[in-house]
Amino acid sequence: MAGRSWRPGPCSGGRPALCETLDIHGIPRSDDYFERFIDLQARGYEERAHAMRLRGRVLPGALNALQALSCVPGITQSILTGNTKASAEAKLRIFGLNRLLDLEIGAYREDGPVRARLIPIAQDRARSKDGLTYSPDLTVLIGDTPQDVIAGRDGGARVIAVASGKSSPTDLKAAGADVVFPDLTDSAALIRTITG
């Protein structure tokens, strides 16, 4: 349900791998372990920030696109992810993207295991914050996998797919993307697509 956090049991949603690890080592299952895992995982990203910057990268045009969109009146930017909020915040901070997003209105793994169901949660959070209604016509999901596209379509958003990852433009279009860009380097075209 929009606006309410999903409160899973210790082995639901994204937790089965954690529970398998606990079982292997004969440790009783507990919600406390998942909460500790969330904290330790995010802390681990922060501690390895230098190595992550050396091995990882911001995809072409992403930073400029976020900066350009932040200057457009009426556009609110956030994140919808299968990562926990703490880990998502850490990764974005490491690559300098966190300041361009309103992370309080995003939706995360803790909110539910089905990504399409995260969209109404994020819409509800944005509505609570600014009083605007985020209908499917006014909600845009930008993703780079067919799973992102399907989540956007099923969750009630227009979908812009970006083929700068491992998925081809053909696969992204076949999944139902409204528009497919090769990358995010053309900020003007991206803005026209979102606002048009």
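The following paragraphs examine the structure supplied in this document. Just so it is clear, the model here is predicted, and its values are computed rather than measured. (Residues numbered from 1 in each chain as written. Predicted model: local features only at pLDDT ≥ 70, side-chain atom pairs only at ≥ 80, totals over all residues. Heavy atoms only, no water.)

The next point concerns the packing of helix α4 (residues 62-70) against helix α9 (residues 187-195). Running from N to C, α4 and α9 cross one another at 50°; their axes reach a closest spacing of 9 Å. Looking at the two axes, α4 sits oblique to α9. Crossing of α4 against α9: the hand is right-handed. Here α4 contributes N64, A65, A68 and L69 to the contact with α9, which in turn contributes S187, L190, I191 and I194. (Axes fitted to C-alpha atoms, helices over the stretch in contact; angles between N-to-C directions. Helix = DSSP H or I, 4+ residues; strand = E, 2+ residues; numbered from the N terminus. Parallel < 35°, antiparallel > 145°, perpendicular 65-115°, else oblique. Left-handed = near helix turned anticlockwise from the far one by under 90°. Contact = heavy atoms within 4.5 Å.)

A62, A65, L69, V72, I160, V162, F181, L184, A189, L190, I191 and I194 form the largest nonpolar core, which has 12 residues in total. Residue assignment for this core shows that the elements contributing at least two residues are α4, β2 (158-162) and α9. No other element matches the 4 residues that α9 contributes to this core. Non-local contacts of L190, meaning those with residues more than four positions away in its chain, are made with A65, L69, I142, I160, F181 and L184. (Core = buried A, V, L, I, M, F, W, Y, C linked by side-chain atoms within 4.5 Å. Buried < 20%, exposed > 50% of the residue type's maximum accessible area, 1.4 Å probe, protein only.)

Within the secondary structure, Y134 is located in the loop between α6 (118-130) and β1 (140-143). A C-alpha to C-alpha distance of 19 Å links Y134 and C71, two positions 63 residues apart in sequence. Y134 has contacts with T76, Q123, A126, R127 and T139, leaving out every residue within four places of it along the chain. At 2.4 Å, the side chain of Y134 forms a polar contact with the side chain of D130. (Polar contact = N/O pair within 3.5 Å; in protein donor to acceptor, adjacent residues only side chain to side chain.)

With 4 of 5 residues buried, β2 is to be regarded as a mostly interior element. Strand direction decides the pairing type here: β1 and β2, joined by 4 bridges, are parallel. Bridge pairing in β2 places V140 opposite R158. Of the strand pairs in this sheet, β2 and strand β3 (residues 179-181) are connected by 3 bridges, and their pairing is parallel. By the bridge assignment for β3, V162 is matched with F181. In this region the chain leaves β2, passes through helix α8 (residues 169-174) and returns to the parallel neighbour β3; the handedness of that crossover is right-handed. (Pairing = 2+ DSSP bridges. Right-handed = clockwise from strand over helix to strand, strands pointing away.)

Treat this as a map of the structure, not an account of what it does.
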